[in-house]
Amino acid sequence: MAALMRRYGVGARWYDVLSGERPVYRAGRQAGIALLALSPGDCVVDLGCGTGLNFALLLEATAPSGIVIGVDRSPDMLAMAQRRVDREGWGGRVRLIRADAAELLSEAVAQAVIELRGGGDGRADALLATYALSVITEREEAWRRARATLRPGARASIVDMQPPHGFWRVLSPLARLACATGGADISARPWRMLERDAVDPSSVRRVERKGGHIVAVAATVSASDVPR
Ligand SMILES: C[S@@+](CC[C@H](N)C(=O)[O-])C[C@H]1O[C@@H](n2cnc3c(N)ncnc32)[C@H](O)[C@@H]1O
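Bear in mind that the values here come from a model prediction, so they are computed numbers and not experimental data.

> Break down the overall build of the chain for me, citing the residues and quoting the values.
When helices and strands are counted, the chain shows nine helices and seven strands. Against the compact-globule benchmark of 17 Å for 228 residues, the chain has a radius of gyration of 16 Å, which places it among compact chains. A principal-axis box enclosing the C-alpha atoms of the chain has dimensions of 50 × 40 × 30 Å. The burial tally for the chain puts 53% of its 228 residues in the buried class. At a minimum sequence separation of 6, the contacts of the chain that also span at least 24 residues come to 75%. Surface exposure of the chain reaches about 10,500 Å², of which carbon and sulfur atoms provide 54%. In the chain, 31 positive and 25 negative side-chain charges are present, and the distance between their average locations comes to 5 Å.

Laid out in C-alpha cells, this is it:
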C-alpha cells in the first residue's frame with residue numbers, strides 16, 4: 001500500500017511521460033471512450049482519473065456542454081489533473097474529487113454534477129475506468145460504488161490490461177513489467193465485472209488493442225440495485 005501511494009505520489013509528475021501513453025496506452029483510452037458512444041451534454045465519471053489523460057477525449061466527445069467528474073485517491077495525481085484543467089481552461093466542465101474509490105459517496109459526485117450543470121438530479125450518464133481498476137485493490141466495492149453514481153440506462157467502459165496473446169506473446173515480459181511498475185494486477189481482468197453486470201448481454205462491446213494486452217469493454221449497466 002505504501003509503495004502504491006509513493007508510485008502515484010512522487011511519481012505523478014512523471015506519469016504522462018513514463019507510462020507508455022503514446023506508444024501503447026492511448027490506443028486503449030481512445031477505444032474505451034469510443035465504445036461509450038457519448039452524446040453532447042453527457043456527464044462522465046472518470047474513476048481513478050490520475051493526471052487527467054482522458055479529459056480532452058471525453059470533453060471532445062461530449063462537446064459543447066458535456067462534463068467530467070474525475071475521482072482519484074492520490075492528491076499528487078489530482079494536482080497534475082487540476083493543472084491540466086487550469087491550463088486548458090476546462091474549469092467549467094471538469095470537477096475533481098479526492099476519494100478512495102472503495103469509499104466513494106455517490107452524493108459527493110451528485111453534488112459536483114449539480115454544481116457544474118446548475119441543477120438536475122446529479123446522476124451521471126456514463127462511467128469510464130482506464131487502467132485504474134487493476135490497481136484498485138478493493139475493486140468490487142469500487143465498482144459497486146461507481147455504479148451508484150449513474151442514472152438508469154447509463155453506459156460504462158472499463159479499459160485495462162492482460163498479458164498479450166498470439167504472436168504478441170513475446171512482449172509478455174514487457175507487459176508484466178509495465179503492470180508491476182504501475183502496481184497493476186495483470187490477472188485482475190476487471191472488465192469481467194462489467195460483463196457480469198450488463199443489463200443486457202447484447203449491449204456488451206469488446207475490443208482489444210496491442211496484441212490483446214489492452215482490453216476495452218463497454219455495456220449498459222443497471223444502477224437501480226445499488227443504494228445511493
Ligand atoms: C495507472 S493509473 C491510471 C490513471 C488514469 N486512469 C489513466 O488512464 O492514465 C491508476 C490510478 O488509480 C488511482 N488509484 C489507485 N487506487 C485507488 C483507489 N483505491 N481509489 C481511487 N483511485 C485509486 C491512482 O492514484 C492512479 O491515479
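> Summarise the environment of Leu96; cite the residues concerned and give the values.
Tracing the backbone shows Leu96 in strand 3 (residues 94-98). Taking the C-alpha atoms as reference points, Leu96 and Glu138, 42 residues apart in sequence, are found 21 Å from one another. Apart from residues no more than four positions distant in its own chain, Leu96 is found in contact with Cys49, Phe55, Gly70, Leu78, Ala81 and Gln82.

> So, unusual backbone geometry: which residues are in play, and what are the values?
Omega for the bond connecting Ala63 with Pro64 falls within 30 degrees of zero, at 5°, which places this linkage in the cis form. Checked against the element boundaries, Pro64 lands in the loop between helix 4 (55-61) and strand 2 (67-72). Of note in this structure, Ala37 is not a glycine but carries a positive phi near 50°. The residue Ala37 is located in the loop between helix 3 (21-36) and strand 1 (43-47) in this model. You can call Ala37 exposed: its relative accessible area is 56%. Although it is not a glycine, Lys210 adopts a positive phi angle of roughly 55°. With respect to the helices and strands, the residue Lys210 is situated in the loop between strand 6 (205-209) and strand 7 (214-220).

> Run through the environment of Ala154, naming residues and quoting values.
Position of Ala154 among the secondary structure elements: in strand 5 (residues 150-161). Filtering out sequence-adjacent residues up to four positions away, Ala154 remains in contact with Ala124, Asp125, Ala126, Ala219, Thr220 and Val221.

> For the site of the ligand, give the residues involved together with the corresponding values.
The local shell around the ligand holds 18 residues, among which Tyr15, Arg29, Gly48, Asp72 and Thr130 are the closest. At 2.6 Å, a side-chain N or O of Asp72 approaches an oxygen atom of the ligand. At a separation of 3.0 Å, a nitrogen atom of the ligand approaches a polar side-chain atom of Asp100. Isolated, the ligand exposes 600 Å² of accessible area, and the fraction of that covered by the protein chains is 96%. When grouped by side-chain class, the residues that make up the shell around the ligand number 10 nonpolar, four polar and four charged.

> Break down the pattern of salt bridges for me, citing the residues and quoting the values.
Where side chains of opposite charge bring their charged atoms close, a pairing between them can arise. Summed over the entire model, instances satisfying the criterion amount to 14 salt bridges. Here Arg95 and Glu115 are joined by a salt bridge, their closest N and O atoms 3.6 Å apart. One end of the pair, Arg95, is in strand 3; the other, Glu115, is in helix 6 (residues 106-117), with 20 residues separating them in the sequence. For Glu115, a relative accessible area of 46% corresponds to the partly exposed category. A cluster of three or more residues bridged by salt bridges with shared partners is formed by Glu140, Arg147, Arg196 and Asp197.

Definitions and cut-offs
Residues numbered from 1 in each chain as written. Predicted model: local features only at pLDDT ≥ 70, side-chain atom pairs only at ≥ 80, totals over all residues. Heavy atoms only, no water. Helix = DSSP H or I, 4+ residues; strand = E, 2+ residues; numbered from the N terminus. Rg over C-alpha atoms; globule rule 2.2 N^0.38 Å. Buried < 20%, exposed > 50% of the residue type's maximum accessible area, 1.4 Å probe, protein only. Contact = heavy atoms within 4.5 Å. Areas by Shrake-Rupley, 256 points an atom, 1.4 Å probe, with all protein chains shown as cover. Lys, Arg positive; Asp, Glu negative; His and termini not counted. Charge placed at Lys NZ, Arg CZ, Asp CG, Glu CD. Near = heavy atom within 4 Å. Polar contact = N/O pair within 3.5 Å; in protein donor to acceptor, adjacent residues only side chain to side chain. Nonpolar A, V, L, I, M, F, W, Y, C, P; charged D, E, K, R; others polar. Salt bridge = Lys/Arg side-chain N within 4 Å of Asp/Glu carboxyl O.

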